[in-house]
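Chains, contacts and geometry: an overview
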Amino acid sequence: MAGGVNRKISTASARSHTRKAKQNSSYKLPSGMLKRAVVLFFVGILAWAYKATQPPPPKICGSPDGPPVTAARIKLSDGRHLAYKEHGVPKETANYKIVFVHGFDSCRHDAVVAKILSPEIVEELRIYVVSFDRPGYGESDPNPKRTVKSMALDIEELADQLGLGSKFYVIGFSMGGQVLWSCLKYIPHRLTGAGLLAPVINYWWPGFPENLSSEAYYQQLPQDQWAVRVAHYTPWLTHWWNTKKWFPASSIASLNLDILSSQDKELMAKRSERKKYVAQVTQQGEFESLHRDLNVGFGAWEFSPMDLENPFPNNEGSVHLWHGDEDLIVPVTLQRYIAQRLPWIHYHELPGTGHLFPHADGMCDSIIKAMLIGEK
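Residues numbered from 1 in each chain as written. Predicted model: local features only at pLDDT ≥ 70, side-chain atom pairs only at ≥ 80, totals over all residues. Heavy atoms only, no water.

Moving on to the overall build of the chain. When its secondary structure is counted, the chain shows 14 helices and eight strands. Looking at the chain as a whole, 51% of its 376 residues qualify as buried. Within the chain, contacts between residues separated by at least 24 positions form 78% of all contacts whose residues are at least 6 apart in sequence. By element, 56% of the accessible surface of the chain is carried by carbon and sulfur atoms, the whole surface being about 19,200 Å². (Helix = DSSP H or I, 4+ residues; strand = E, 2+ residues; numbered from the N terminus. Buried < 20%, exposed > 50% of the residue type's maximum accessible area, 1.4 Å probe, protein only. Contact = heavy atoms within 4.5 Å. Areas by Shrake-Rupley, 256 points an atom, 1.4 Å probe, with all protein chains shown as cover.)

Here it is as structure tokens:
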């Protein structure tokens, strides 16, 4: 009878056999396919990042999905609409015609000069003021091609369509004051005078001593340092930066009261009527209003205000600049330097005042008298 053979397999041999089986059964991606997968992954990440940084489209006033049009508007030569509001005496009987340019996060209703100026002075001097919504604010159409120069041309066309004559005054507050530098550059022949009220500074304007601009830059709150730095160097990220909670947004856009001086905080009470229309300010979207303001205001300018020549060499007009020495939003040191570089500017430094000084009692009366009749 034939006998069976018993074979014993060691534990080590079994483990070795199992590893070989697993190794032989594992699947390896070809190197070319792996590279394509990595490339597709990074392309997907870039596509997501690009989409995340794109602002939403604006809600144009008068469009099916946009807010209604309630203001008087003109149609500019490029097809955009500009909303405006008239104040004071009728322009047909006015002795002085003024275009007022509002500041950051504001609109045509924030014409502080027109609102606070005493009625007696308006009637005595026969003053007419027109304020308007800068592009993207209020009910003015956005201007995706907005530049430093385009704002001056918008003002000129507004004056022409309203029939203000060959010459007129301009007054601008804060970011609107910064706009007036472009008026002095591009339409000086249309101006009778200009008043810059606490105009915003671009820290990258050529002509500032590096140590002075650097010192002023670091006087800002850290979040504002970041906000203007992003607007200057990477403007395509401005909307994303200022709308994500994990980044420090502009203190003005986020309504941080730490940027206000003691006088500013007192004057805030005089701005309580803004509650009636504040929702209109950015109703078309923050990107075409607030964020484009930052990109243009702190971007690379085509000129430096410190290179401007006197627009009134024969004293046929004047340029005035007012600034508070306790302004925590715009450092006074840079305004002083500009006034030194441009001796033809009538510089008025206001002790103990902050950024909102035009709202102080009697301040607008003094500003208007200085500009229009040379009263000191």
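The rest of the description comes next.
Core analysis: the largest hydrophobic core is formed by 99 residues, its most contacted members being V99, I127, F132, I155, W181, W322 and I368. Apart from residues lying up to four places away in sequence, I127 is in contact with H87, G88, V89, Y96, I98, L117, I121, V122, I368 and L372. (Core = buried A, V, L, I, M, F, W, Y, C linked by side-chain atoms within 4.5 Å.)

Right, let's talk about the pattern of salt bridges for a bit. Under the criterion given, the structure shown has 18 salt bridges. Among the salt bridges present, the one from R80 reaches D154, with a minimum N-O distance of 2.8 Å. Within this pair, whereas R80 is found in the loop between strand 1 (72–75) and strand 2 (81–88), its partner D154 is found in helix 5 (residues 148–162), the two being separated by 74 residues in sequence. Each member of the pair, R80 as well as D154, carries the same accessibility label: buried. In this structure, R108 engages E139 in a salt bridge whose closest nitrogen and oxygen atoms are separated by 3.5 Å. Here R108 is found in the loop between strand 3 (96–101) and helix 3 (112–116), whereas its partner E139 is found in the loop between strand 4 (127–132) and helix 5, with 31 residues between them in sequence. Salt bridges sharing common partners tie together D78, R80 and D154. (Salt bridge = Lys/Arg side-chain N within 4 Å of Asp/Glu carboxyl O.)

For the rest of this paragraph, the subject is the packing of aromatic side chains. Taken as a whole and judged by the stated rule, the model has 13 aromatic pairs. Between Y217 and Y218 the ring centres are 5.0 Å apart and the planes differ by 90°, which places this aromatic pair in the edge-to-face class. Overall, the relative accessible area of 8% leaves Y217 in the buried class. Exposure remark for Y218: the relative accessible area of 51% places this residue in the exposed category. (Phe/Tyr/Trp six-rings, centres within 6.5 Å; stacked < 30°, edge-to-face > 60°.)

For the pair helix 7 (residues 210–217) and helix 13 (residues 332–341), the least separation of the axes is 9 Å and the interaxial angle reads 150°. Classified by the interaxial angle, the pair formed by helix 7 and helix 13 is roughly antiparallel. Listed contacts from helix 13 to L212, S213 and A216 of helix 7 are T333, L334 and Y337. Each residue belonging to the contact of helix 7 with helix 13 can be placed in one class, and the counts come to four nonpolar, two polar and no charged. (Axes fitted to C-alpha atoms, helices over the stretch in contact; angles between N-to-C directions. Parallel < 35°, antiparallel > 145°, perpendicular 65-115°, else oblique. Nonpolar A, V, L, I, M, F, W, Y, C, P; charged D, E, K, R; others polar.)

In any sheet, the strands associate via hydrogen bonds between backbone groups, in a parallel or an antiparallel arrangement. Read across the open sheet, the eight strands follow the order 1-2-4-3-5-6-7-8; overall the sheet is mixed. Bordering the open sheet on either side are strand 1 and strand 8 (345–350), each of which pairs with just one other strand. Mean inter-strand twist for the sheet, computed between neighbouring axes without regard to direction, equals 25°. Against the sheet, helix 13 contacts strand 7 (318–324) and strand 8, and its axis sits at roughly 155° relative to strand 8. (Pairing = 2+ DSSP bridges.)

So, about helix 6 (residues 175–186). The terminal C-alpha atoms of helix 6 lie 18 Å apart, and with 12 residues this matches the ideal 16 Å at 1.5 Å per residue to within 8%. Three or more residues of helix 6 are buried, namely M175, G176, G177, Q178, V179, L180, W181, S182, C183, L184 and Y186. (Expected span 1.5 Å × (residues − 1).)

On average, residues of the chain score 89 in pLDDT, and 86% of them are at 70 or above. For residues 1–9, every residue scores under 50 in pLDDT, and the model assigns this stretch one contact once sequence neighbours within four places are set aside. Confidence drops under pLDDT 50 across residues 11–25; counting only partners more than four residues distant or on other chains, this segment forms one contact. (pLDDT = per-residue confidence, 0-100.)

Okay, the side chain of R274 next. Position of R274 among the secondary structure elements: in the loop between helix 10 (262–267) and helix 11 (278–281). Residue R274 is classed as buried on the basis of its relative accessible area, which comes to 12%. Within the structure, the side chain of R274 is placed 3.0 Å from the backbone oxygen of D105, a separation counted as a polar contact. Not counting chain neighbours up to four residues away, the residues in contact with R274 comprise D105, S106, D110 and V281. (Polar contact = N/O pair within 3.5 Å; in protein donor to acceptor, adjacent residues only side chain to side chain.)

Here we take up the pairing of strand 4. Of all the six residues making up strand 4, six are buried; the element is thus mostly covered by neighbouring parts of the structure. Side chains I127, V129 and S131 of strand 4 all project onto a buried face; the interleaved residues Y128, V130 and F132 project onto the opposite face, where all are buried too. For strand 2 and strand 4, the ladder comprises five bridges, and the chain directions are antiparallel. By the bridge assignment for strand 4, G88 is matched with Y128. In this sheet, strand 4 lies alongside strand 3 in parallel orientation, the contact comprising six bridges.

Running from amino to carboxyl end, helix 5 crosses helix 6 at an angle of 75°, the nearest separation of the two axes being 8 Å. Relative to helix 6, the element helix 5 lies roughly perpendicular. Here helix 5 contributes V148, K149, M151, A152 and I155 to the contact with helix 6, which in turn contributes V179, S182, C183 and Y186. Here the contact of helix 5 with helix 6 is composed, by residue class, of seven nonpolar, one polar and one charged.

Now for the side chain of Q263. You can see Q263 is positioned in helix 10. Among the polar contacts made by the side chain of Q263, one reaches the main-chain amide nitrogen of G354 at a distance of 3.1 Å.

Both strand 7 and strand 8 contribute to a ladder of six bridges, which runs parallel. Bridging from a neighbouring strand, G324 pairs with L350 of strand 8. Traced from strand 7 through helix 13 to strand 8, the parallel crossover comes out right-handed. (Right-handed = clockwise from strand over helix to strand, strands pointing away.)

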